[in-house]
Amino acid sequence: VTSFPGGQLANQLRMVASMIRAELPTNVYYTALGGFDTHAGQAGRHANNLNQFAAAISAFYKELVAMGQDGRVLTMAFSEFGRRVAQNASNGTDHGTAGPMFLFGPMVRPGLLGRHPSLTDLNRGDLIHHTDFRSVYAGVLEGWFKTDSTKVLGRKFKAAKIIG
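Throughout what follows, the structure given in this document is the object of discussion. The structure displayed is predicted, hence computed values, not measured ones.

**A few points about the overall build of the protein chain**
Secondary structure summary: the protein chain contains four helices and four strands in total. For the protein chain, the α and β elements follow one another from N to C terminus as α-α-β-β-β-β-α-α. Taken along its principal axes, the extent of the C-alpha atoms in the protein chain is 50 × 40 × 25 Å. Going through the 164 residues of the protein chain one by one, you find that 27% of them count as buried. Considering only residue pairs separated by 6 or more positions, the protein chain has 58% of its internal contacts joining residues 24 or more positions apart. On the protein chain, roughly 10,300 Å² of surface is accessible, and the fraction owed to carbon and sulfur atoms is 55%. Taken as two groups, the 17 positive and 11 negative side-chain charges of the protein chain have centres that lie 4 Å from each other.

Right under this line is the structure:
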């Protein structure tokens, strides 16, 4: 059994690993890590959240490998909102558009999907996204779950090539 770090995400992922070990017939687990809504004092808080995220994901995959289940688990990390590029007067950032998604697992094609958004070519202070998140969802639904993504997304989106 892997030693997990402390923190809310690590505790949730430890529980998910236990449910996977128990062979529950669940296809999707959802966990959350709060604290990224950093309108003030972002620098230290954001770094701590990213460290907590990295340590929790690392421990989770070490546990999956130890169980021989890493090839059965695709992990997707996302935020429900992006952040603005410019810092506000409170040393934080306000809600914005576009944001990264991270996918983990040996079945995921490595590398960057799309291209990095420009930090200088902005739309009224917001990042301009290049990849619609629904194409990532379509890629996961069709490539991993082998299901018609239109049933979930309500219409057809070009499925991103995620599964290698």
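So that's the structure; there's more coming.
**Here we look at the nonpolar core**
Note on soluble globular proteins: their nonpolar side chains tend to be buried together. Ranked by internal contacts, the top residues of the largest apolar core, which has 17 residues, are Phe4, Leu13 and Phe60. Contributions of two or more residues to this core are made by helix H1 (8–21) and helix H2 (42–67). No other element matches H2, which puts seven residues into this core. With seven residues, the next largest nonpolar core counts Leu74, Val108, Ala160 and Ile162 among its residues.

**Digging into the side chain of Thr93**
Assignment of secondary structure puts Thr93 in the loop between strand E2 (82–83) and strand E3 (95–96). When its relative accessible area of 7% is taken as the criterion, Thr93 is described as buried. Those residues in contact with Thr93, other than ones at most four positions away along the chain, are Thr38, His39, Gln42, Arg83, Arg84, Val85, Ala86, Gln87 and Asn88.

**Considering the packing of H1 against H2**
The N-to-C vectors of H1 and H2 enclose an angle of 15 degrees; their axes lie 9 Å apart at closest approach. One element, H1, and the other, H2, form an angle in the roughly parallel class. As H1 packs across H2, the resulting crossing turns out to be right-handed. Every residue of H2 that contacts H1 at Gln8, Leu9, Ala10, Leu13, Val16, Ala17, Ile20 and Arg21 is listed here: Gln52, Phe53, Ala56, Ile57, Phe60, Glu63, Leu64 and Met67. Taken together, the residues of the contact of H1 with H2 sort by class into twelve nonpolar, two polar and two charged.

**Considerations on the pattern of salt bridges**
The final tally for this structure, using the stated rule, is five salt bridges. Note that Asp126 and Arg84 form a salt bridge whose closest N and O atoms lie 3.1 Å from each other. Residue Asp126 is located in the loop between strand E4 (102–104) and helix H3 (133–143), and its partner Arg84 is located in the loop between E2 and E3; the two are separated by 42 residues in the primary sequence. Residue classification places Asp126 among the buried residues on the basis of a relative accessible area of 15%. The residue Lys156 makes a salt bridge to Glu142 at a minimum N-O spacing of 3.0 Å. Linking Lys156 in the segment after helix H4 (150–153) with Glu142 in helix H3, this pair joins segments that are 14 residues apart in sequence. With relative accessibility at 24%, the residue Glu142 sits in the partly exposed group.

**Observations concerning H2**
Along an α-helix, a turn takes 3.6 residues, which lines up residues three or four apart on a common side. The first and last C-alpha atoms of H2 sit 37 Å apart over 26 residues, in line with the 38 Å expected at 1.5 Å per residue. Three or more residues of H2 are buried, namely Gln42, Asn49, Phe53, Ala56, Ile57, Ala59, Phe60, Tyr61, Glu63 and Leu64. Summarising the contacts, the buried residues of H2 are in contact with H1, strand E1 (75–77) and E4. One or two steps after H2, the chain reaches Gly68, where phi turns positive at roughly 75 degrees.

**Some points on the packing of aromatic side chains**
Taken as a whole, this structure holds six aromatic pairs when the rule is applied. Judged by centre distance (5.6 Å) and plane angle (85 degrees), the rings of Phe60 and Tyr61 are edge-to-face. Relative accessible area serves as the criterion here: at 3%, Phe60 is assigned to the buried category. We classify Tyr61 as buried; its relative accessible area is 14%. Within the aromatic cluster, the residues linked to one another by ring pairs are Tyr30, Phe78, Phe133 and Tyr137.

**Considering H3**
Taken together, the buried positions of H3 are Ser135, Val136, Ala138, Gly139, Val140 and Leu141. Those residues of H3 that are buried lie in contact with E1, E4 and H4.

Conventions adopted
Residues numbered from 1 in each chain as written. Predicted model: local features only at pLDDT ≥ 70, side-chain atom pairs only at ≥ 80, totals over all residues. Heavy atoms only, no water. Helix = DSSP H or I, 4+ residues; strand = E, 2+ residues; numbered from the N terminus. Buried < 20%, exposed > 50% of the residue type's maximum accessible area, 1.4 Å probe, protein only. Contact = heavy atoms within 4.5 Å. Areas by Shrake-Rupley, 256 points an atom, 1.4 Å probe, with all protein chains shown as cover. Lys, Arg positive; Asp, Glu negative; His and termini not counted. Charge placed at Lys NZ, Arg CZ, Asp CG, Glu CD. Core = buried A, V, L, I, M, F, W, Y, C linked by side-chain atoms within 4.5 Å. Axes fitted to C-alpha atoms, helices over the stretch in contact; angles between N-to-C directions. Parallel < 35°, antiparallel > 145°, perpendicular 65-115°, else oblique. Left-handed = near helix turned anticlockwise from the far one by under 90°. Nonpolar A, V, L, I, M, F, W, Y, C, P; charged D, E, K, R; others polar. Salt bridge = Lys/Arg side-chain N within 4 Å of Asp/Glu carboxyl O. Expected span 1.5 Å × (residues − 1). Phe/Tyr/Trp six-rings, centres within 6.5 Å; stacked < 30°, edge-to-face > 60°.

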